[in-house]
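Structure assessment
Residue-level listing of the chains:
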Amino acid sequence: MPLAFESRSHGTIAFGFFNIDSDMLLLDRLFFFSTHFCRHIEKLTALDTLTPFTTGWEGYVIPDPGQIGDLMGAIHGIRHTGFMGEVYERFPFPKKEAEFKQKPEGHHTQEVMDAIIRKYGVRQKILLVFDPDEAEISVGPYEFTVDQFDALIRYVWEGGYPKWRDGVRPEYVLRMKTRLDHSPLGLFAPLF
């Protein structure tokens, strides 16, 4: 489930996984796969000097909030509108609450998720920019302090809410952690 996070530029915004069968993340109106997010965190952690840095990946923006749909209605199976509705028709909420855990194999559904979101969103390059002078990291138009961004990384490490199924993290998340642990700059707090 997406949770509320603080940003420097937009105040409180939603960030997180929104379906346990997918590794797709939402950041307000941006949608992208956590595999891409983690891969670009790895690039950021490879910096050995405090210099400006930009990287990016392909994702989507859903400009019309009405096209995002009703996440809670979709979860409860009562309102399948917009993107969220179609995702939950394809990957329904589990009948047993104990099965509500983020699946580490969620990255295997990327092709299906990509086909769904193309109906609602506009493909765009999502830039991750590190500005050492401002001690700020931005993802698209959303600006974060290093501490605020660290909270996003921790969320992905934990598997959000409800956490990774059986405590098993996907390989791409473990690789990100290893890179964070060995980052020459040590920009982010240790994950544990």
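Computed from a predicted structure; not experimentally measured. (Residues numbered from 1 in each chain as written. Predicted model: local features only at pLDDT ≥ 70, side-chain atom pairs only at ≥ 80, totals over all residues. Heavy atoms only, no water.)

**Some remarks on the overall build of the protein chain**
To keep things clear, this is the line we draw: Secondary structure elements follow DSSP: runs of H or I no shorter than four residues count as helices, runs of E no shorter than two count as strands, and numbering proceeds from the N terminus. All radius of gyration figures rest on C-alpha atoms, and the globule criterion is 2.2 Å times the number of residues raised to 0.38. Only protein chains enter the accessibility calculation, which uses a 1.4 Å probe; a residue whose area is less than 20% of its type maximum is buried, one above 50% is exposed, and one in between is partly exposed. In what follows, residue pairs with any heavy atoms lying within 4.5 Å of each other are defined as contacts. Computed with a 1.4 Å probe, the accessible areas rest on the Shrake-Rupley method; for each residue, only the protein chains presented here act as cover.
Broken down by element type, the protein chain carries seven helices and eight strands. Its C-alpha radius of gyration of 16 Å places the protein chain within 12% of the 16 Å reference for a compact globule of 192 residues. Each of the three principal axes of the protein chain carries a C-alpha extent, and together these read 50 × 35 × 30 Å. Out of the 192 residues in the protein chain, the part that is buried amounts to 51%. Sequence-distant contacts, at least 24 apart, represent 65% of the contacts inside the protein chain between residues at least 6 apart. Carbon together with sulfur atoms contributes 52% to the accessible area of the protein chain, which is approximately 9200 Å² in total.

**Focus on the environment of Phe-32**
Relative to the elements of secondary structure, Phe-32 occurs in strand 4 (residues 30–33). Between the alpha carbons of Phe-32 and Glu-58 there is a distance of 7.4 Å; along the sequence they are 26 residues apart. Phe-32 has contacts with Phe-15, Asp-23, Met-24, Leu-25, Leu-27, Phe-37, Trp-57, Gly-59, Ile-126 and Val-139, leaving out every residue within four places of it along the chain.

**A closer look at helix 4 (residues 82–90)**
Counted residue by residue, helix 4 has seven buried out of nine residues, so it is predominantly covered. Turning to helix 4, its buried residues are Gly-82, Phe-83, Met-84, Gly-85, Glu-86, Val-87 and Tyr-88. On its buried face, helix 4 is in contact with strand 3 (24–27), strand 4, helix 2 (65–68), helix 3 (71–75) and helix 5 (110–117).

**Structural notes on the packing of helix 6 (residues 146–158) against helix 7 (residues 171–181)**
What counts is decided by this rule: Orientation is described by axes fitted as lines to C-alpha atoms, over the contacting stretch for helices, and by angles from 0 to 180 degrees between their N-to-C directions. To sort the angles, those under 35 degrees are grouped as roughly parallel, those over 145 as roughly antiparallel, those from 65 to 115 as roughly perpendicular, and the leftovers as oblique. Working rule for handedness: look at the near helix, and if it is turned counterclockwise from the far one by less than a right angle, call the crossing left-handed; if clockwise, right-handed.
For the pair helix 6 and helix 7, the least separation of the axes is 10 Å and the interaxial angle reads 135°. Taken together, the axes of helix 6 and helix 7 lie oblique to each other. Taken as a pair, helix 6 and helix 7 cross one another with a handedness that is left-handed. Together, Ile-153, Val-156 and Trp-157 of helix 6 and Val-173, Leu-174, Met-176, Lys-177 and Leu-180 of helix 7 make up the contact between the two elements.

**As for helix 1 (residues 34–45)**
It helps to recall that an α-helix has 3.6 residues per turn; residues three or four apart then point in one direction. In plain terms, the rule: Expected span of a helix: the number of residues minus one, times 1.5 Å.
Along its twelve residues, helix 1 runs 16 Å from first to last C-alpha, staying within 8% of the 16 Å computed at 1.5 Å per residue. Burial analysis of helix 1 places nine of its twelve residues in the buried class, which makes it a mostly covered element. What helix 1 keeps buried is the set Ser-34, Thr-35, Phe-37, Cys-38, His-40, Ile-41, Glu-42, Leu-44 and Thr-45.

**Here we look at the pairing of strand 7 (residues 136–139)**
Where we set the bar: Between any two strands, at least two bridges found by DSSP are needed for them to pair.
Burial along strand 7 is two-sided: Glu-136 and Ser-138 facing one way and Ile-137 and Val-139 facing the other are all buried. In sequence, strand 6 (residues 122–131) turns back onto strand 7 through a hairpin of four residues, with Ala-135 there showing a positive phi of about 50°. Bridge count for strand 7 against strand 8 (residues 142–145) is four bridges, and the pairing is antiparallel. Following the sheet pairing, Glu-136 is matched in strand 8 by Thr-145. If you look at the hairpin formed by strand 7 and strand 8, you'll find two residues sitting between the two strands, and Gly-140 has a positive phi there, around 60°.

**Concerning the pattern of salt bridges**
Short version of the rule: The term salt bridge refers to a pairing of a side-chain nitrogen on Lys or Arg with a carboxyl oxygen on Asp or Glu at a separation within 4 Å.
In this structure the tally under the stated criterion is 14 salt bridges. Asp-21 serves as the salt-bridge partner of Lys-103, at 2.6 Å between the closest nitrogen and oxygen. Of this pair, Lys-103 sits in the loop between helix 4 and helix 5 while Asp-21 sits in the loop between strand 2 (11–17) and strand 3, and the two are 82 residues apart along the sequence. Note that Lys-177 is salt-bridged to Asp-181, the shortest N-O span being 2.3 Å. Of this pair, Lys-177 and Asp-181 both sit in helix 7, four residues apart, which is roughly one turn of that helix. Taken together, the shared-partner salt bridges connect Glu-58, Asp-114, Arg-118 and Arg-123 into one network.

**Considerations on the side chain of Thr-45**
Our working definition: Side-chain atoms alone can form a polar contact between residues adjacent in sequence; in general such a contact is a pair of N or O atoms within 3.5 Å, and within protein one must be able to donate a hydrogen while the other accepts it.
Structurally, the position occupied by Thr-45 is in helix 1. Reaching out from Thr-45, the side chain makes a polar contact with the backbone oxygen of Glu-42 at a distance of 2.8 Å. When near neighbours in sequence (up to four residues on either side) are disregarded, Thr-45 contacts Arg-179, Leu-180, Ser-183, Pro-184 and Phe-188.

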